[in-house]
Amino acid sequence: MLNGRNYMTIVKFYDEVDDSLLKFAVIITKTNGKWVFCKHKKRNTWEVLGGHRELRESITENANRELHEETGAKEYDIRPICVYSVTASDNFNGEETFGMLFYADVFSFEEELHREMEKIVIMEELPSEWTYPDIQPKLLEKARQNGFV
């Protein structure tokens with residue numbers, strides 16, 4: 001039992017894996033030195049930006065699309081940090097799944113959000129209510145270790 005749940009989540013980091021294994025892009029995002037997080041319309045928690053890779057989309061295209069769709073980012077600098085994996089008994093039948101972790105610094109946003117996000121917030125401090133509390137803090141810690149935040 002972990003965090004009051006009957007499953008365990010394992011997060012690992014890799015220098016690289018075969019591109020075909022990368023299913024997700026997650027983007028740790030800041031603007032003017034502050035954190036950018038999203039609130040999904042169906043949840044009451046905060047999440048790091050990101051999502052599933054679409055067919056014939058590169059992982060970098062995936063990251064750029066998700067950043068724009070979820071925040072309305074117009075002008076930004078985005079860079080890969082590393083490959084990560086998640087193994088969780090409650091997700092993908094317990095199989096290890098891979099994604100690419102990115103860092104983005106956003107300089108301007110569109111006025112209005114489209115898609116599934118209810119809102120974005122810009123915070124001085126990290127949130128206490130995470131959508132994926134067993135995963136997202138570990139991704140932020142890896143970004144810190146790699147000198148991105």
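Residues numbered from 1 in each chain as written. Predicted model: local features only at pLDDT ≥ 70, side-chain atom pairs only at ≥ 80, totals over all residues. Heavy atoms only, no water.

Caption draft 1: A look at the packing of aromatic side chains. Inspection of the entire model under this criterion finds 4 aromatic pairs. Their ring planes at 35 degrees and their centres at 6.3 Å tell us that Trp 35 and Phe 37 sit as a pair that is tilted. Residue classification places Trp 35 among the buried positions, given a relative accessible area of 7%. With a relative accessible area of 1%, Phe 37 lands in the buried category. Centroid distance Phe 37 to Trp 130: 5.5 Å. Interplanar angle 80 degrees. Geometry classified as edge-to-face. Pair noted here: Phe 37 is in strand E3 (residues 34–40) and Trp 130 is in the loop between strand E7 (117–123) and helix H2 (136–145), with a separation of 93 residues, a long-range link. Like Phe 37, the residue Trp 130 is buried in the burial classification. The ring centre of Trp 35 lies 4.3 Å from the NZ or CZ of Lys 30, which sits over that ring. (Phe/Tyr/Trp six-rings, centres within 6.5 Å; stacked < 30°, edge-to-face > 60°. Buried < 20%, exposed > 50% of the residue type's maximum accessible area, 1.4 Å probe, protein only. Helix = DSSP H or I, 4+ residues; strand = E, 2+ residues; numbered from the N terminus. Lys NZ or Arg CZ within 6 Å of the ring centre and 35° of its normal.)

Caption draft 2: Looking closely at H2. Gln 136, Leu 139, Leu 140, Lys 142 and Ala 143 are the residues of H2 that are buried. Viewed along the axis of H2, the buried residues span an arc of 160 degrees, placing them on a single side of the element. Once H2 ends, the next one or two residues include Gly 147, with phi positive near 80 degrees. (Arc of directions from axis to C-beta.)

Caption draft 3: Expanded view of the pattern of salt bridges. One pass over the structure, following the stated rule, counts 10 salt bridges. The shortest N-O distance in the salt bridge between Lys 39 and Glu 118 comes to 2.9 Å. Here Lys 39, found in strand E3, pairs with Glu 118, found in strand E7; they are 79 residues apart in sequence, far enough to count as distant. The class for Lys 39 is buried, based on a relative accessible area of 10%. Classification of Glu 118 by relative accessible area gives partly exposed; the value is 42%. (Salt bridge = Lys/Arg side-chain N within 4 Å of Asp/Glu carboxyl O.)

Caption draft 4: Fine view of the nonpolar core. Within the largest apolar cluster, 23 residues are counted, with the highest numbers of intra-cluster contacts made by Ile 28, Phe 37, Val 48, Ile 81, Tyr 84, Leu 101 and Leu 139. At the level of secondary structure, the elements contributing two or more residues to this core comprise strand E2 (22–31), E3, strand E5 (73–88), strand E6 (97–109), E7 and H2. It is E5 that provides the largest number of residues to this core, a total of 5 residues. Counting residues in hydrophobic clusters, the runner-up holds 17 residues, among them Ala 25, Ala 63, Leu 67 and Phe 102. (Core = buried A, V, L, I, M, F, W, Y, C linked by side-chain atoms within 4.5 Å.)

Caption draft 5: A look at unusual backbone geometry. A positive phi angle, close to 50 degrees, is found at Asn 32, a residue other than glycine. Relative to the assigned elements, Asn 32 resides in the loop between E2 and E3. Owing to a relative accessible area of 73%, Asn 32 belongs among the exposed residues under this scheme. Despite not being glycine, Arg 56 has its phi angle at roughly 65 degrees, a positive value. You can see Arg 56 is positioned in the loop between strand E4 (49–52) and helix H1 (59–71). Owing to a relative accessible area of 77%, Arg 56 belongs among the exposed residues under this scheme.

Caption draft 6: Representation of the confidence of the model for the protein within the structure. Across the protein, the average pLDDT comes to 90, with 92% of residues at 70 or higher. Overall, residues 1–5 carries pLDDT values under 50, and its contacts beyond four positions in sequence, including any with other chains, amount to 7 contacts. (pLDDT = per-residue confidence, 0-100. Contact = heavy atoms within 4.5 Å.)

Caption draft 7: Region of interest: the pairing of E5. As paired elements, strand E1 (residues 9–14) and E5 share 6 bridges and run antiparallel to each other. Residue Phe 13 lies in a different strand from E5, and its bridge partner there is Tyr 84. As judged from the 12 bridges shared by E5 and E6, these two strands associate in the antiparallel manner. Its bridge partner being in E6, Tyr 84 is matched across the sheet by Gly 99. (Pairing = 2+ DSSP bridges.)

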